[in-house]
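The lines below spell out each chain.
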Amino acid sequence: MTDGFAVAGPQPRSSGIILGVSGLERAKADLGAGNVRKARERLKSLVLTYPNDLEIRRLLAEAYRLDRQFAEAGRWGYLIEAHASDPEREAFERHNAFASYDSRVSESRLRHLLRCEDLGSISDATGRALLRSLPRKRARERRDGPLEFLSRRLAMLSAQRRWR
């Protein structure tokens, strides 16, 4: 005992990991401290581990918004109305070539972009409406031939039936 304080045995060396604090709490602390890049890195790894967690997606959209990367903010809040604004969603669609993609943006491509296998689990009513309209998204200047028109129409009917 020195100066009224008990000295324990050798202190463990810090490895930079805060014990007892979750990655989500660390990411929130990083965002609060203004360390947006570090928070984004933590949140991106968390979204891979927990793809259906809406809180992680909301925080990731907020982190990108703070960095003025609106296309990425739109990506992570795409299917939840409150998590992204319409201009952010449009920036995400433009950035990911929704309008100039070969034939149309498929659900499988969107699942890949959003890192989630079950799009229904991360969408609200607005998100389901976006999923229903997904087959209609194409370049304005692109003209469909009869087979493309029929294929697009069948995809629209299938999406409407699936995402009621």
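Rules behind the numbers
- Residues numbered from 1 in each chain as written.
- Predicted model: local features only at pLDDT ≥ 70, side-chain atom pairs only at ≥ 80, totals over all residues.
- Heavy atoms only, no water.
- Helix = DSSP H or I, 4+ residues; strand = E, 2+ residues; numbered from the N terminus.
- Buried < 20%, exposed > 50% of the residue type's maximum accessible area, 1.4 Å probe, protein only.
- Contact = heavy atoms within 4.5 Å.
- Areas by Shrake-Rupley, 256 points an atom, 1.4 Å probe, with all protein chains shown as cover.
- Axes fitted to C-alpha atoms, helices over the stretch in contact; angles between N-to-C directions.
- Parallel < 35°, antiparallel > 145°, perpendicular 65-115°, else oblique.
- Left-handed = near helix turned anticlockwise from the far one by under 90°.
- Nonpolar A, V, L, I, M, F, W, Y, C, P; charged D, E, K, R; others polar.
- Core = buried A, V, L, I, M, F, W, Y, C linked by side-chain atoms within 4.5 Å.
- Salt bridge = Lys/Arg side-chain N within 4 Å of Asp/Glu carboxyl O.
- Arc of directions from axis to C-beta.
- Polar contact = N/O pair within 3.5 Å; in protein donor to acceptor, adjacent residues only side chain to side chain.

### Overview of the overall build of the chain
- Scanning the chain from terminus to terminus reveals 8 helices and 0 strands.
- Element order for the chain, N to C, with α for helix and β for strand: α-α-α-α-α-α-α-α.
- Counting the 164 residues in the chain, one finds 36% classified as buried.
- If you take every contact in the chain between residues at least 6 apart in sequence, the share linking residues at least 24 apart comes to 49%.
- Entry remark: accessible area of the chain is about 10,400 Å², with carbon and sulfur atoms responsible for 52%.

### Examining the side chain of D30
- With respect to the element layout, D30 can be found in helix α1 (residues 23-32).
- Other than its neighbours up to four places away in sequence, D30 contacts N35, V36, K38, A39 and R42.

### Points about the packing of α1 against helix α3 (residues 54-66)
- At a minimum axis separation of 11 Å, α1 and α3 run at an interaxial angle of 25°. With respect to each other, α1 and α3 are oriented roughly parallel. Note on packing geometry: the crossing formed by α1 with α3 is left-handed. Along its contact with α1, which presents L24, K28 and L31, the element α3 presents E55, I56, L59, A63 and L66.
- Of the residues that constitute the contact of α1 with α3, the class distribution is 6 nonpolar, no polar and 2 charged.

### Brief notes about the nonpolar core
- Core analysis: the largest hydrophobic core is formed by 15 residues, its most contacted members being L31, L43, V47, I56, L60, Y64 and W76.
- The residues contacting L31, other than those within four sequence positions of it, are V36, A39, L59, A63 and L66.
- In terms of nonpolar packing, the next biggest core, distinct from the first, is built from 14 residues, L79, L110, L113 and L134 among them.

### A word on the pattern of salt bridges
- Inspection of every chain in the model, using the stated rule, returns 10 salt bridges.
- Across the pair E41 and K44 runs a salt bridge whose closest N-O atoms are separated by 3.5 Å. Residue E41 and its partner K44 are located together in helix α2 (residues 36-49), separated by 3 residues, close to a single helical turn.
- For E41, a relative accessible area of 38% gives the class partly exposed.
- Overall, K44 belongs to the partly exposed group, its relative accessible area being 30%.
- Linking R65 and E62 is a salt bridge whose minimum nitrogen-to-oxygen distance equals 2.8 Å. With R65 and E62 both in helix α3, this residue pair falls 3 residues apart, about one helical turn.
- The class for R65 is partly exposed, based on a relative accessible area of 24%.

### Section: helix α7 (residues 125-133)
- Along α7, the residues that are buried comprise G127, L130, L131 and S133. Down the axis, α7 shows its buried residues gathered within 165° of arc, on one side only.
- Residues of α7 that are buried in the fold lie against α5 (86-95), α6 (107-114) and α8 (146-162).
- One side-chain oxygen of the residue at the start of α7 lies 3.1 Å from the amide nitrogen of T126, identifying that residue as D124.

### Looking at unusual backbone geometry
- One non-glycine residue, R68, lies in positive phi territory at about 60°.
- Position of R68 among the secondary structure elements: in the loop between α3 and α4 (70-76).
- For R68, a relative accessible area of 63% puts it in the exposed group.
- A positive phi angle, close to 55°, is found at R115, a residue other than glycine.
- With respect to the element layout, R115 can be found in the loop between α6 and α7.

These figures capture arrangement, not role.
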